[in-house]
Amino acid sequence: MNGRIPAGKPIIGEDEEKAVLDVLRSGQLASGPMVKKFEEEFAEYIGVEHAVAVSSGTAAIHLSLLSAGIGKGDKVIVTPYSFVASVSPVLAVGAETVFVDIDPETYCISSENIRAAADGCDAVLPVHLYGHPADMDEIVKISEEEGLTVVEDACQAHGASMDGRKVGSIGDIGCFSFYATKNMTTGEGGMVTTDDEEMAAKVRSLRAHGVGVRGEYDVLGYNYLMTDVEAAIGLVQLDKLDDMNECRRTNAAILNDELSSLDDQGLVQIPIEVQGYKHVYNQYPLRVPPDKRTRIVGSMRKAGIGLRKGYQKPIYKQKFAGSDVRCQEAEKACEEVVWVPVYPTLEPAHMRRMAWGLKKLLE
Ligand SMILES: *Cc1c(COP(=O)(O)O)cnc(C)c1O
């Protein structure tokens, strides 16, 4: 099987096209009835009382922190191994970051390390990285003991679950992104999910310039509104989400199967799925020997396969983060992980072709 396999590709079909045209023809382009419907259906899907649509995942995290009252003088426990937007909103609200190291098997923040750092902190921001839920039972337990607010970054984990409970419904508040490479997309977009009515009301106000119930502007707000055009795409994508996630899981299972002998020989580390958890593989992270990674990515690229190096710098090493902490496991992951495409338009033959290419380079 030949042809290019790009690093990512959203599935947009006739249903999305029709939904967008209907909105364009309705004359209601800004936030309106489609946004309201998308919020209702997303809340029901995740299993929470309230969902509030915003303009991006970053906006969702920013407003979640503000609605929890996090600001100057507060400390927020964060992971160094994620996209920068898992940390930048903490600095945007004026709070301090406390970086703790990850679990080398799930790549998510380690609950043991959270416990060690929790004293004196105000919130924790676990990321369900690559679509695998963080260790939420422990994180919620520690947070209850230590009085931390739990803000879940579920931007890569739409539909991921633990014992049937969907991520975004487990902590105090959850954040989703609908950027083009996520498990479902609206182009750009985001959602906040919570059972807390007061937090939801704050997010609703803050996303719309801080407007109050009588139309007054007492608090400083933002324009983080979603449009009806985006929400119309989101509604169609939400209907397809479970099927799209199943495709990702099937593709990941093929890779796991094909690469398990290399894993047994210690040449690679295939991703794990903790028992009872549902992984939705926004990315398929594969650890390869660090001295071979550049050559592997280069060779696969030459063959037209969009293999990518994962996050290459822990977030604390980005200039904006201004931190001199060191987290060993995060640094190791930054040197070893590659992302193998598993998005839903790829078929078993694509997966086997990529596995074959990887085996040839590694054996
Ligand atoms: C994509 C992403 C974000 C930010 O979402 P945007 O919609 O791009 O602002 C935050 N955290 C993680 C883990 C992400 O993958």
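Our subject is the structure that appears above.
Presented here is a report on the structure given in the accompanying data block. (Residues numbered from 1 in each chain as written. Predicted model: local features only at pLDDT ≥ 70, side-chain atom pairs only at ≥ 80, totals over all residues. Heavy atoms only, no water.)

1. Section: the overall build of the protein
- If you tally the helices and strands in the protein, you get eleven helices and 13 strands.
- Radius of gyration (C-alpha) of the protein: 20 Å, near the 21 Å computed for a compact globule of 363 residues.
- In terms of principal-axis extent, the alpha carbons of the protein reach across some 70 × 55 × 35 Å.
- Across the protein, contacts joining residues at least 24 apart in sequence account for 70% of those joining residues at least 6 apart.
- Element-wise, carbon and sulfur atoms account for 48% of the exposed surface of the protein, whose accessible area totals about 15,600 Å².
- Side chains of the protein carry 38 positive and 54 negative charges; the gap between the two charge centres is 9 Å. (Helix = DSSP H or I, 4+ residues; strand = E, 2+ residues; numbered from the N terminus. Rg over C-alpha atoms; globule rule 2.2 N^0.38 Å. Contact = heavy atoms within 4.5 Å. Areas by Shrake-Rupley, 256 points an atom, 1.4 Å probe, with all protein chains shown as cover. Lys, Arg positive; Asp, Glu negative; His and termini not counted. Charge placed at Lys NZ, Arg CZ, Asp CG, Glu CD.)

2. As for the sheet that holds strand S4 (residues 123-124)
- Overall, mixed pairing links the seven strands, which are arranged S1-S9-S8-S5-S4-S2-S3 in an open sheet. The sheet terminates laterally at strand S1 (50-54) and strand S3 (96-99), the two strands that pair on one side only.
- Pairing analysis gives five bridges linking S1 to strand S9 (residues 190-194), with the strands arranged antiparallel. Bridge assignment links His-50 to a residue of S9, and that residue is Thr-194.
- Sheet contacts for helix H6 (residues 136-146): S4 and strand S5 (149-153); angle to S5, the most-contacted strand, approximately 155°.
- Here helix H7 (residues 197-206) sits on the sheet and contacts S1, S5, strand S8 (173-177) and S9; the angle it forms with S1, its principal contact strand, is near 15°. (Pairing = 2+ DSSP bridges. Axes fitted to C-alpha atoms, helices over the stretch in contact; angles between N-to-C directions.)

3. Observations regarding H7
- What H7 keeps buried is the set Met-199, Ala-200, Val-203, Ser-205 and Leu-206.
- Contacts from the buried residues of H7 go to S1, helix H3 (57-67), S5, S8 and S9.
- Regarding H7, its N-cap is Asp-196, as a side-chain oxygen of that residue lies 2.9 Å from the backbone nitrogen of Glu-198 further along. (Buried < 20%, exposed > 50% of the residue type's maximum accessible area, 1.4 Å probe, protein only. Polar contact = N/O pair within 3.5 Å; in protein donor to acceptor, adjacent residues only side chain to side chain.)

4. A short note on the nonpolar core
- If you look at the biggest cluster of nonpolar residues, it comprises 60 residues, and the most contacted ones within it are Ile-77 and Tyr-81.
- It is H3 that provides the largest number of residues to this core, a total of five residues.
- For this core, the two domains that each supply at least three residues are domain 1 (14-236) and domain 2 (241-362).
- Setting aside chain neighbours within four positions, we find Tyr-81 in contact with Ile-102, Tyr-107, Leu-129, Tyr-130, Tyr-311, Ala-330, Ala-333, Cys-334 and Val-337. (Core = buried A, V, L, I, M, F, W, Y, C linked by side-chain atoms within 4.5 Å. Domains from an automatic or database assignment.)

5. Points about a nonpolar patch on the surface
- Together, Leu-21, Leu-24 and Leu-29 line one region of the surface with nonpolar side chains, adding up to about 250 Å² of accessible area.
- For Leu-29, the location among the structural elements is in the loop between helix H1 (14-26) and helix H2 (33-46). (Patch = residues over 30% accessible without salt bridge, like charges linked within 9 Å, V, L, I, M, F, W, Y side chains within 5 Å. Salt bridge = Lys/Arg side-chain N within 4 Å of Asp/Glu carboxyl O.)

6. So, unusual backbone geometry
- Despite not being glycine, Asp-163 shows a phi value in the positive range, around 45°.
- Tracing the chain through its elements places Asp-163 in the loop between strand S6 (161-162) and strand S7 (165-166).
- By relative accessible area, which is 55% here, Asp-163 ends up exposed.
- A positive phi angle is found at His-209, which is not glycine, with a value near 65°.
- Counting through the fold element by element, His-209 comes out in the loop between H7 and helix H8 (228-264).

7. Comments concerning the sheet that holds strand S12 (residues 308-309)
- Strand order in the open sheet formed by three strands is S11-S13-S12, with antiparallel pairing between adjacent strands. The open sheet is flanked by strand S11 (284-287) and S12, the only strands paired with a single partner.
- Bridge count between S12 and strand S13 (residues 337-340): two bridges; the pairing is antiparallel. By the bridge assignment for S13, Arg-308 is matched with Trp-339.

8. What to know about the side chain of His-128
- Along the chain, His-128 turns up in the loop between S4 and H6.
- In this view, His-128 contacts Cys-108, Pro-133, Ala-134, Met-136, Glu-152, Asp-153, Ala-154, Gln-156, Ala-157 and Val-167; residues no more than four positions away in its chain are not counted.

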